[in-house]
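Commentary on secondary and tertiary structure
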Amino acid sequence: MPRRSPRLCAPTGPSRRRLLQGLLGGGARAAAGGLWPGAAQASGGLGRVLFFYFPDGVIGESADGQPSLWHPTGSGSAVHLPTLLSPLEPWRDRCAFINGLSMGPTDSGSHPGGAKKLLTAADHGNNESIDQYLARTAGAAMPWRHLYLGAQANADGASGDKHISYPVAGVSLAPEDDPRRAFTALFGAASAAPPSASDSAETDLARDVIDDVSEELVALQARVGATERTRLQVHLDALDELGARLGGTGDGGSGSDPDASCLDPRVDLAGIRDDTLYDPATFPAVLEAQLDIATLALACGHTRVVTVQASQHTSELVMSRFPGTEMHDPSYDMRSHQASHYGASHDEGAREFVAYAQQRRWWVARFAGLLDRLARTPAPEGGALLDSTAVVLCTEVCDGNTHLHDNLPVIVAGGEAGGLQTGQLHWADGRRHGDLWVALAAAMGVDPGRFGDASSGALPGLLG
């Protein structure tokens, strides 16, 4: 695996302030909290949001009235997860499950109509999408206001309503499908060379600076009141985490490479080439790489808002070619959209139904893996990244066969630092899904009042 060359300050004569600012790009400033002007947001509150889209709906209520195999049952903290959500059992206490959200009647029964409304909360995509709104407001001061990553989301020349992020009403944006390009844009070009003597000298200098600053903070703690001592301790903890990364003892946060860090970012790009980027068999590797990049970008202070779009609505992704999965069947090409039309009943003897259930579980497992990444990754301001990041799993229709726009399949995980009430089943009772986006915006410190069509304000009960 090629080693990623860190971009550090020159080792000759940098000030201690400039050196720490350079160590993690925007992330070092966040790690140092309010020590310097321009620091990232203080600890506490919802610092980040990540939208994870997958295509073609779920197994909701069937056309002949059989109950949903996706939506949880119960109330409050007494949540029963159906089999399609079984990969989230270890994470049930970190998830807010929401039943009963509606995208409204316009274009109900339509994949494109749902994709237009999903993040805009407006008919025909006639609104700025919530990710773009949060990037423009809460994320305005970040090096990357918005990071939009795709996994074969541009397949077959896709454009327009195939994409879910709208910087302005009615006009969507294309994501970056190539993790190689995304990584280079964020972290610089890769290098296969071992660490140089200058790299080692810079790392030693950085450790010395961290030790000196930590000693100063400890001395300062003895001269200030209890409130300021607590704040200074947050900065000390963040510097300890930074020192652990420099010493190679920290996890660094990448699912692919446990030694990756902001100082030495690494993502597994093996097998991803121009000729394989849109090969169905490569899709899992591309998606994992993009999720690793998203995690590193959040952890290193590059952005507060990420959207990851996996494929596209009415997806032609041949998921039966995913190696090593329960879906793998070299004898038969089963596409996502094809499987979603499993028929009027939940017929476990039907080939499409079995494949569709397997596909939905696979997406949920990818989401669970993302939560694990974020839980293992230090946040710039201290604590785990998952604590201060709301992670939203969503798709453009409810039941894949009926394409209805009611009972939107959506799960919000993490974000407890922002007051998100997880480990519970929330009932929306038919409220428009724009109210969910209002609640997330409020947790990030911005107040749109209402968002999209027929919004009535923040979804009750989601914020503590």
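Throughout what follows, the structure given in this document is the object of discussion. (Residues numbered from 1 in each chain as written. Predicted model: local features only at pLDDT ≥ 70, side-chain atom pairs only at ≥ 80, totals over all residues. Heavy atoms only, no water.)

**Notes on the pattern of salt bridges**
- Per the stated rule, a full pass over the model turns up 19 salt bridges.
- R136 is the salt-bridge partner of E128, the closest N and O atoms lying 2.8 Å from each other.
- Linking D275 and R273 is a salt bridge whose minimum nitrogen-to-oxygen distance equals 2.9 Å.
- Three or more residues joined by partner-sharing salt bridges are found here, namely E288, D292, R366 and R373. (Salt bridge = Lys/Arg side-chain N within 4 Å of Asp/Glu carboxyl O.)

**Notes on the sheet that holds strand β10 (residues 305-310)**
- In spatial order, the strands read β6-β10-β2-β11-β12-β5-β13; together these seven strands make up an open sheet with mixed pairing. Both outer strands of the open sheet, β6 (147-151) and β13 (424-427), are each paired with one neighbouring strand and no more. Each strand of the sheet is rotated relative to its neighbour by a mean of 20°, with strand direction disregarded.
- Direction of pairing for strand β5 (residues 95-99) relative to β13: parallel, over a ladder of four bridges. Following the sheet pairing, A96 is matched in β13 by Q424.
- Set on the sheet, helix α10 (residues 351-376) makes contact with β2 (48-53), β5, β10, β11 (389-394) and β12 (410-414); between it and β11 the angle comes to about 175°. (Pairing = 2+ DSSP bridges. Helix = DSSP H or I, 4+ residues; strand = E, 2+ residues; numbered from the N terminus. Axes fitted to C-alpha atoms, helices over the stretch in contact; angles between N-to-C directions. Contact = heavy atoms within 4.5 Å.)

**With respect to the pairing of β12**
- With five of five residues buried, β12 lies mostly within the body of the structure.
- Judged from the four bridges that link them, β5 and β12 form a sheet pairing that is antiparallel. Opposite F97, over in β12, you have I411 as the bridge partner.
- Strand direction decides the pairing type here: β11 and β12, joined by five bridges, are antiparallel. Note on β12: the bridge partner recorded for C394 is V410. (Buried < 20%, exposed > 50% of the residue type's maximum accessible area, 1.4 Å probe, protein only.)

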